[in-house]
Amino acid sequence: MSNDLRRFRGVSDDLATAVPPEVPVSPPTASANRVPRTRTGAAWFGICATALLSVILIVFMVQNTRSVRVDFLWMDGSLPLALALLVAATGAALLTMAVGAARITQLRRLSRQRH
């Protein structure tokens, strides 16, 4: 009976009984199995990295409690070595952020002028 329907629709027996070609199925790639990155995941990674860095900083400060003499411009005094280095690193980070913020502002202005 199915042969009658195929003939009725105008499809030949050869085409109706032919096996469709196999489509090669590629194995799933590594990127297909990955979980997408999210802001929460990035925040969690940042918190973990900050906690690890804080532990390292605390160990550094505990090991460097010896007092050193510091002279800066008109100020002078004595303070623990770890604190002096922490203040210097914080000042350098703030200076770097200020220069970076100025560059970002400059690039945003340039981008707005072009559009």
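Since this is a predicted model, take the numbers as computed values, not measurements. (Residues numbered from 1 in each chain as written. Predicted model: local features only at pLDDT ≥ 70, side-chain atom pairs only at ≥ 80, totals over all residues. Heavy atoms only, no water.)

Turning our attention to the overall build of the protein. Tallying secondary structure elements over the protein gives 4 helices and 2 strands in all. In the protein, the order of α-helices and β-strands from amino to carboxyl end is α-α-α-β-β-α. Burial statistics for the protein: of 115 residues in total, 3% are counted as buried. Here the contacts in the protein between residues at least 6 apart in sequence split such that 10% fall between residues at least 24 apart. (Helix = DSSP H or I, 4+ residues; strand = E, 2+ residues; numbered from the N terminus. Buried < 20%, exposed > 50% of the residue type's maximum accessible area, 1.4 Å probe, protein only. Contact = heavy atoms within 4.5 Å.)

Attention now moves to the packing of helix α3 (residues 39-63) against helix α4 (residues 81-114). Taken N-terminus to C-terminus, the directions of α3 and α4 make an angle of 135 degrees; their axes are 7 Å apart at the nearest point. Classified by the angle their axes make, α3 and α4 are oblique. Taken together, the residues of α4 that come into contact with α3 (itself represented by Leu57, Phe60 and Met61) are Ala82, Leu85 and Leu86. Of the residues assigned to the contact of α3 with α4, the class counts are 6 nonpolar, no polar and no charged. (Axes fitted to C-alpha atoms, helices over the stretch in contact; angles between N-to-C directions. Parallel < 35°, antiparallel > 145°, perpendicular 65-115°, else oblique. Nonpolar A, V, L, I, M, F, W, Y, C, P; charged D, E, K, R; others polar.)

One non-glycine residue, Leu73, adopts positive backbone phi at about 50 degrees. Relative to the helices and strands, Leu73 is located in the loop between β1 (67-72) and β2 (75-80). We classify Leu73 as exposed; its relative accessible area is 67%.

Take the environment of Asn64 next. Along the chain, the position of Asn64 falls in the loop between α3 and β1. Through-space distance from the C-alpha of Asn64 to that of Ala82 is 5.3 Å; in sequence the pair is 18 residues apart.

Here we take up the pairing of β1. Note: β1 against β2, 6 bridges, orientation antiparallel. Across the sheet, Ser67 pairs through a bridge with Pro80, a residue of β2. Counting the residues in the hairpin turn of β1 and β2 gives 2 residues, including Leu73, whose phi is positive at 50 degrees. (Pairing = 2+ DSSP bridges.)

Time to look at the pattern of salt bridges. Evaluated as defined, the whole model comprises 2 salt bridges. Across the pair Asp71 and Arg69 runs a salt bridge whose closest N-O atoms are separated by 3.7 Å. Take Arg69: its relative accessible area is 59%, and that puts it in the exposed class. One connected set of salt bridges, linked through shared partners, spans Arg69, Asp71 and Asp76. (Salt bridge = Lys/Arg side-chain N within 4 Å of Asp/Glu carboxyl O.)

The subject of this paragraph is a nonpolar patch on the surface. Where nonpolar side chains cluster on the molecular surface, the patch consists of Phe72, Leu73, Trp74 and Met75 and spans about 550 Å² of accessible area. Relative to the helices and strands, Phe72 is located in strand β1. (Patch = residues over 30% accessible without salt bridge, like charges linked within 9 Å, V, L, I, M, F, W, Y side chains within 5 Å. Areas by Shrake-Rupley, 256 points an atom, 1.4 Å probe, with all protein chains shown as cover.)

What follows is about the confidence of the model for the protein. The share of residues in the protein with pLDDT of 70 or more is 73%, and the mean pLDDT across the chain is 80. The spread of mean pLDDT over the elements of the protein runs between helix α1 (residues 2-9), the lowest at 54, and α4, the highest at 91. (pLDDT = per-residue confidence, 0-100.)

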